[in-house]
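Fold and contact review
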Amino acid sequence: GAVVSQHPSWVICKSGTSVKIECRSLDFQATTMFWYRQFPKQSLMLMATSNEGSKATYEQGVEKDKFLINHASLTLSTLTVTSAHPEDSSFYICSARRGNEQYFGPGTRLTVT
Amino acid sequence: QQQVKQSPQSLIVQKGGIPIINCAYENTAFDYFPWYQQFPGKGPALLIAIRPDVSEKKEGRFTISFNKSAKQFSLHIMDSQPGDSATYFCAASSGGYQKVTFGTGTKLQVIP
């Protein structure tokens, strides 16, 4: 149990377009999900905490108008990268909280050309 | 301070060896310390976790040692195998397991 999926696993988009990434908890309900960003050979940096039915809480330095988060149900959170630029290219990872544990998705590789 | 310092950055051991990865923290409010294993192109997977009320926890070949007074904890991998080659992250959180602060990661390579 405790499986978290992400879709798509990788995406290439042109500069200026928007991209939506989905995070789903497949076999449990998650009132809290988290979005991370990871650059090559670096650690995970928390971008925001997504709570079902309420606004996301963004970490300092993360532009909430650029990284839109919607947690519309207990099994789905979405991250939309708006007006993407090449510097937004990264590995985006979500996680879902179940009890005292946090389960991670497989990640989404975003490349902005 | 929310930092979690991790060392070494990289580690090479021979099969059967016991790699040790160390982490240190400053925030005494941290009360949950998980370790994650990440393979290239994949998300992290929870390996083992410990709370500060115990000094050691063992699960299979993985052992966490915890020193509350020194604010340090470490991961030992017994009888390491080439399949253990991955990046390992220590982490810490507080207050009912909300935000997790990750260490900088250790890339482990186990050579046959």
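For the structure itself, look to the data block above.
A brief look at the structure comes next. (Residues numbered from 1 in each chain as written. Chains lettered and ligands numbered in written order. Predicted model: local features only at pLDDT ≥ 70, side-chain atom pairs only at ≥ 80, totals over all residues. Heavy atoms only, no water.)

**Concerning the interface of chain B and chain A**
In this assembly, 18 residues from chain B lie in contact with 19 residues from chain A. Overall, the association of chain B and chain A removes approximately 1,500 Å² of surface from exposure, summing both partners, and the carbon and sulfur fraction of that is 51%. Taken together, chain B and chain A are joined by 1 salt bridge. Between chain B and chain A we count 5 residue pairs in polar contact (both at pLDDT 80 or more) in total. (Contact = heavy atoms within 4.5 Å. Buried area = accessible area lost by both parts, 1.4 Å probe. Salt bridge = Lys/Arg side-chain N within 4 Å of Asp/Glu carboxyl O. Polar contact = N/O pair within 3.5 Å; in protein donor to acceptor, adjacent residues only side chain to side chain.)

**Here's the deal with the side chain of T80 of chain A**
All names here are of chain A. With respect to the element layout, T80 can be found in strand β8 (residues 76–81). Using a relative accessible area of 16% as the deciding quantity, one classes T80 as buried. The residues contacting T80, other than those within four sequence positions of it, are S18, V19, K20, K66, F67 and L68. (Helix = DSSP H or I, 4+ residues; strand = E, 2+ residues; numbered from the N terminus. Buried < 20%, exposed > 50% of the residue type's maximum accessible area, 1.4 Å probe, protein only.)

**A short note on the environment of I12 of chain A**
Residues and elements named next belong to chain A. As for its position among the elements, I12 is in strand β2 (residues 10–13). Linking I12 and S89, residues 77 residues apart in sequence, is a C-alpha distance of 9.1 Å. Non-local contacts of I12, meaning those with residues more than four positions away in its chain, are made with T111 and T113.

**Points about the packing of aromatic side chains**
Scanning the entire structure with this criterion turns up 17 aromatic pairs over all chains. In this structure, R98 of chain A is placed above the aromatic ring of F28 of chain A, and the distance from its NZ or CZ to the ring centre is 5.6 Å. (Phe/Tyr/Trp six-rings, centres within 6.5 Å; stacked < 30°, edge-to-face > 60°. Lys NZ or Arg CZ within 6 Å of the ring centre and 35° of its normal.)

**Details of the sheet that holds strand β1 (residues 4–7) of chain A**
Residue and element names in this part refer to chain A. Across the sheet, 4 strands lie side by side as β1-β3-β8-β7; this open sheet has antiparallel pairing. Only two strands of the sheet have a single partner each, and these edge strands are β1 and β7 (67–73). Each neighbouring strand pair of the sheet contributes to a mean axis angle of 15 degrees, computed without reference to strand direction. Bridge analysis of strand β3 (residues 19–25) against β8 gives 6 bridges, and the strand direction is antiparallel. Bridge assignment links C23 to a residue of β8, and that residue is S77. (Pairing = 2+ DSSP bridges. Axes fitted to C-alpha atoms, helices over the stretch in contact; angles between N-to-C directions.)

**A few points about the environment of M78 of chain B**
All names here are of chain B. Looking at where M78 falls in the secondary structure, it is placed in the loop between β8 (72–77) and β9 (86–93). Judged by relative accessible area, M78 falls into the partly exposed class, the value being 29%. For M78 and G60, which are 18 residues apart along the polypeptide, the C-alpha to C-alpha distance reads 8.6 Å. Aside from chain neighbours lying at most four places away, what touches M78 is G17, I18, R61 and T63.

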